[in-house]
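# Per-entry structural report
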Amino acid sequence: MNELRVSVATYNQVVFPHPEKDSAMLALERKATVLQDESVYVRAQPFGGGVRILDPSPLEEMLGELKFDSERSKLEQDFRILIQPSQWEAVKQYCLQHLENPNDPELESAPDRELVEEFEETTGIRLKPSQYSAQPIGLVIEDNPVWTENWYAHGFLTVRVYRTYKVGIVDVNLRQTLMDTSQRVSDEMLGRRALENGNGRANSVLALPLEKVREAYLALPLEKRFAKIEVDHHKLDESVLAVLGNVDVPGYRRL
């Protein structure tokens, strides 16, 4: 049987009050990617990223030598590995046990490192601990394998575990920067940046009313929610559903 790709990540519901209105805003990472046919694909997804394996020894005892999905994952020790389908249940239980502890010695499940890196990449601001708060929301399991669109591991059937956090932006100036950047940088501008960059990628931020995003998903029939949708003419990746705990969706098991 073909190998199964396991992707373990932290995803963050980054929220802040609208500077002028009585509503909550959801900040997403907006990504532009140049495809093989030279077209540009722009989508938004939650801030977050792969969980880093700090101590591979317990996993190696369980699985043997770890087989990462790419050289990049191996270099960064990201929990994106290939396993036999029969090993998934044991790997899943391992993840659930260790992701509960933000100070776990084997897995780096706290959101801070990825948040700092991605905020700097998308806004040019190096996030400080005083500018945000982080509270765990829960765990999300995607048991049903789906084809990955990952740039480095295209074509693998993938199962996923997400550790989710609610990240509140408490710095007033940073809130305004997120709003300004979202409004100033259009999807078209970001696509041009990706075409101009040597690596074919570009990142920015997108801020949308949290309730509008929720309502857009809730308006869909339950069986059609796990999909890319458009909100205010911006394409949202289905992974946004991972941080919307009050939106039921087939395929996600929330703990």
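Residues numbered from 1 in each chain as written. Predicted model: local features only at pLDDT ≥ 70, side-chain atom pairs only at ≥ 80, totals over all residues. Heavy atoms only, no water.

### Details of the overall build of the chain
For the record, the criterion: Secondary structure follows DSSP: runs of H or I at least 4 residues long count as helices, runs of E at least 2 residues long count as strands, and numbering of each begins at the N terminus. Radius of gyration here uses only the C-alpha atoms, and the compact-globule reference equals 2.2 Å multiplied by the residue count raised to the power 0.38. Buried means the residue's accessible area, taken with a 1.4 Å probe over protein chains only, is under 20% of the maximum for its type, while exposed means over 50%, and partly exposed covers the values in between. Contact between two residues is taken to exist if any of their heavy atoms lie within 4.5 Å; hydrogens are not considered. The sign given to each residue is positive for Lys and Arg and negative for Asp and Glu; His and the chain ends receive no count. Taken as the charge centre is NZ of Lys, CZ of Arg, CG of Asp or CD of Glu, depending on the residue.
Scanning the chain from terminus to terminus reveals 7 helices and 13 strands. Whereas a compact globule of 255 residues would reach a radius of gyration of roughly 18 Å, the chain reaches 18 Å, a difference of no more than 12%. Seen through its principal axes, the chain has C-alpha atoms that stretch 55 × 40 × 40 Å. Among the 255 residues that make up the chain, the fraction classed as buried is 51%. A separation threshold of at least 6 residues defines the contact pool for the chain, and within that pool the share at least 24 residues apart is 69%. Computed over 30 positive and 41 negative side-chain charges, the separation of the two mean positions in the chain equals 3 Å.

### Observations concerning unusual backbone geometry
Trans is the prevailing form of peptide bonds, just as negative phi is the prevailing case for residues other than glycine. Residue Glu38 is not a glycine yet carries a positive backbone phi of 75 degrees. Mapped onto the elements, Glu38 comes out in the loop between β2 (24–34) and β3 (40–45). Given the relative accessible area of 55%, Glu38 is considered exposed. Look at His233: it is not a glycine, yet its phi comes out positive at around 70 degrees. Considering the arrangement of structural elements, one finds His233 in the loop between β11 (229–231) and β12 (234–236). On the accessibility criterion, His233 (73% relative accessible area) is exposed.

### Structural notes on the packing of aromatic side chains
Counted only if it meets this: Note on ring pairs: Phe, Tyr and Trp rings are taken, using the six-membered ring of Trp, and paired if centres are within 6.5 Å. Classes follow the plane angle, with under 30 degrees stacked, over 60 edge-to-face and the rest tilted. Only lysine NZ and arginine CZ atoms are considered, and such an atom sits over a ring when it is within 6 Å of the ring centre and within 35 degrees of the ring normal.
Taken as a whole, this structure holds 4 aromatic pairs when the rule is applied. Judged by centre distance (6.2 Å) and plane angle (85 degrees), the ring pair of Tyr162 and Tyr252 falls under edge-to-face. Of this pair, Tyr162 sits in strand β9 (residues 157–169) while Tyr252 is found in the loop between β12 and β13 (253–254), placing the two residues 90 residues apart along the sequence. Overall, Tyr162 belongs to the buried group, its relative accessible area being 4%. Relative accessible area serves as the criterion here: at 10%, Tyr252 is assigned to the buried category. Through pairs of rings, three or more aromatic residues link up here, namely Tyr11, Tyr162, Phe226 and Tyr252. Taking NZ or CZ as reference, Arg163 lies 5.4 Å from the ring centre of Tyr165, over its face.

### Quick word on the side chain of Glu114
Mapped onto the secondary structure, Glu114 falls in helix α4 (residues 112–123). What Glu114 contacts, discounting residues up to four positions off in sequence, is Gly48, Gly49 and Gly50.

### Things to note about the pairing of strand β10 (residues 201–209)
Put simply, the rule reads: In this scheme, strands are said to pair when DSSP sees at least two bridges between them.
Of all 9 residues making up β10, 7 are buried, and the element is well covered by its neighbours. Bridge count between β2 and β10: 9 bridges; the pairing is antiparallel. Within the sheet, the bridge partner assigned to Thr33 lies in β10 and is Arg201.

### A few points about empty space enclosed by the protein
This is how the line gets drawn: In this analysis the probe radius is 1.4 Å and the grid spacing 1 Å, with only protein atoms considered; a cavity is a set of points the probe fits into but cannot get out of, a pocket is an open set with protein on both sides within 12 Å along at least five of seven lines, and lining residues have an atom within 4 Å of a point. Grid points are joined across faces, edges and corners, and a volume is the space filled by probe spheres set on the points. Only Asp, Glu, Lys and Arg are considered charged in this grouping, and only Ala, Val, Leu, Ile, Met, Phe, Trp, Tyr, Cys and Pro are considered nonpolar; every other residue, Gly among them, is considered polar.
Considering all chains together, one arrives at 1 cavity of 30 Å³ or more under this definition. Considered as a void within the structure, the largest cavity measures approximately 30 Å³ in volume. Lining the largest cavity are Thr10, Gly50, Val51, Glu108, Ala110, Arg113 and Glu114. In terms of residue class, the lining of the largest cavity is made up of 2 nonpolar, 2 polar and 3 charged.

### What about the confidence of the model for the chain?
This is how the line gets drawn: Along the chain, pLDDT gives the predictor's confidence residue by residue, from 0 to 100.
Summary statistics for the chain give a mean pLDDT of 90 and a share of 96% for residues scoring 70 or more. For the chain, strand β8 (residues 132–147) is the element with the lowest average pLDDT, namely 89, and strand β5 (residues 52–53) is the one with the highest, namely 96.

### Examining α4
Rules: A helix is expected to reach a length of 1.5 Å times the quantity of its residues less one.
Along its 12 residues, α4 runs 16 Å from first to last C-alpha, staying within 8% of the 16 Å computed at 1.5 Å per residue. All of the buried residues along α4 are Arg113, Glu114, Leu115, Val116, Glu118, Phe119, Thr122 and Thr123. The positive-phi residue at the C-terminal boundary of α4 is Gly124, with phi of around 80 degrees.

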